Amino acid sequence: MAKKGTFITFEGGEGCGKSTHIDRLVTRLRQDGYQVLIAREPGGTDVGEQIRHILQYSKQSAAMVPETELLLFCASRAQLVHEVIEPALNDGRVVICDRYFDSTTVYQGVGRKITPQAVTAINNFAISSNLPDLTLVIDLDPRVGLERARGRELFDRMENQSLEFYDRVRQGYLDLAKREAHRVKVIDGNRSIEAIEKQIWDLVKSVL
Ligand code: ADP
Ligand code: TYD
């Protein structure tokens, strides 16, 4: 079936403002009469939420190797794509995803240093042909983002990493945006929420 909807993903380090801007964008789209579906990663389906639980509460010190972590993120995503995202796009909706396969490219590939060939092959298998129309990377110094995110429930595996890990993740997103400039847009997250919201709206309008 031909895809009729629009697929938008949000990416960036912890605390960069993804949830804030997804909320605002969804409100605006609904006011304009769009049918919107929001999904979160990892999770978003029954199976995916169980996988999220394993990822979230299996601590660094427990013996989960990077390869397993990669496969679990992608397993959760495959379920989400086939059960939720693809049907919603075929139904003509605007699908907004809080993280998607670029998180795997950057966190498992650049952060955990798994070879790009393996990450790309497994990522592509999990999403089939469901590439986003637009990916918004909210770029922010991880020192600022982690401070903003302080106090909320930690996603243990990832939020106990060193700053050096988060700096690599940030650079990974910037490099990705250069490689895939047509799809991936970088937004300076160190501005007012309103200024960022306006830029996001202008970019989204161009793909609707
Ligand atoms: P994420 O979903 O990327 O982890 P959030 O949207 O939850 O990030 O934002 C983390 C915290 O930072 C929230 O308390 C939010 O209100 C605040 N915040 C988001 N954007 C900005 C901004 N541009 N300036 C200052 N604080 C912000
Ligand atoms: P989440 O609770 O969504 O946090 P945030 O609001 O910061 O996005 O946590 C998801 C964590 O999992 C985050 O640290 C990024 C990481 N992650 C990966 O390492 N690989 C992936 O493929 C995905 C989707 C997330």
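Conventions and cut-offs
- Residues numbered from 1 in each chain as written.
- Chains lettered and ligands numbered in written order.
- Predicted model: local features only at pLDDT ≥ 70, side-chain atom pairs only at ≥ 80, totals over all residues.
- Heavy atoms only, no water.
- Near = heavy atom within 4 Å.
- Polar contact = N/O pair within 3.5 Å; in protein donor to acceptor, adjacent residues only side chain to side chain.
- Areas by Shrake-Rupley, 256 points an atom, 1.4 Å probe, with all protein chains shown as cover.
- Helix = DSSP H or I, 4+ residues; strand = E, 2+ residues; numbered from the N terminus.
- Phe/Tyr/Trp six-rings, centres within 6.5 Å; stacked < 30°, edge-to-face > 60°.
- Buried < 20%, exposed > 50% of the residue type's maximum accessible area, 1.4 Å probe, protein only.
- 1 Å grid on protein atoms, 1.4 Å probe; cavity = no way out; pocket = protein on both sides within 12 Å on 5 of 7 lines; lining within 4 Å.
- Points joined across faces, edges and corners; volume = space filled by probe spheres on them.
- Nonpolar A, V, L, I, M, F, W, Y, C, P; charged D, E, K, R; others polar.

Visitor: Could you give me a rundown of the site of ligand 1, with the residues and numbers involved?
Guide: With respect to spatial proximity, 13 residues lie near ligand 1, and among them Lys18, Ser19, Thr20, Arg152 and Arg191 are the closest. Between arginine 191 and ligand 1, the recorded distance is 2.9 Å, taken from a backbone N or O atom to a nitrogen atom. Relative to its unbound accessible surface of 560 Å², ligand 1 loses 71% to contact with the protein. Listed by contribution, the elements that provide at least two residues to the shell around ligand 1 are helix H1 (18-31) and helix H9 (193-205).

Visitor: Could you give an account of the packing of aromatic side chains, naming the residues involved and the relevant values?
Guide: If you walk through the whole model with that rule in mind, you get five aromatic pairs. Where tyrosine 107 meets tyrosine 173, the ring centres are 6.5 Å apart and the plane angle is 75°; that geometry is what we call edge-to-face. Taken together, the residues tyrosine 107 in helix H4 (residues 101-111) and tyrosine 173 in helix H8 (residues 163-179) connect sequence positions 66 residues apart. On the basis of relative accessibility, which here comes to 2%, the residue tyrosine 173 falls in the buried class. Pairing phenylalanine 165 with tyrosine 166 gives two aromatic rings, centres 5.6 Å apart and planes at 90°, and the pair type is edge-to-face. What makes tyrosine 166 buried here is its relative accessible area of 4%. Taken together, the ring pairs in this structure connect Tyr107, Phe165, Tyr166 and Tyr173 into an aromatic cluster.

Visitor: Just give me the short version of empty space enclosed by the protein, but keep the residues and values in it.
Guide: For the structure on display, the rule yields two cavities of 30 Å³ or more. The space that makes up the largest cavity amounts to roughly 140 Å³. If you trace the largest cavity, you find 16 residues lining it, with Gly12, Gly13, Glu14, Leu140 and Arg170 closest to the centre. Elements supplying a minimum of two residues to the lining of the largest cavity: strand S4 (134-139), helix H6 (142-149) and H8. Among the elements that line the lining of the largest cavity, the one with the most residues is H8, at four residues. Of the residues in the lining of the largest cavity, the class split is nine nonpolar, three polar and four charged.

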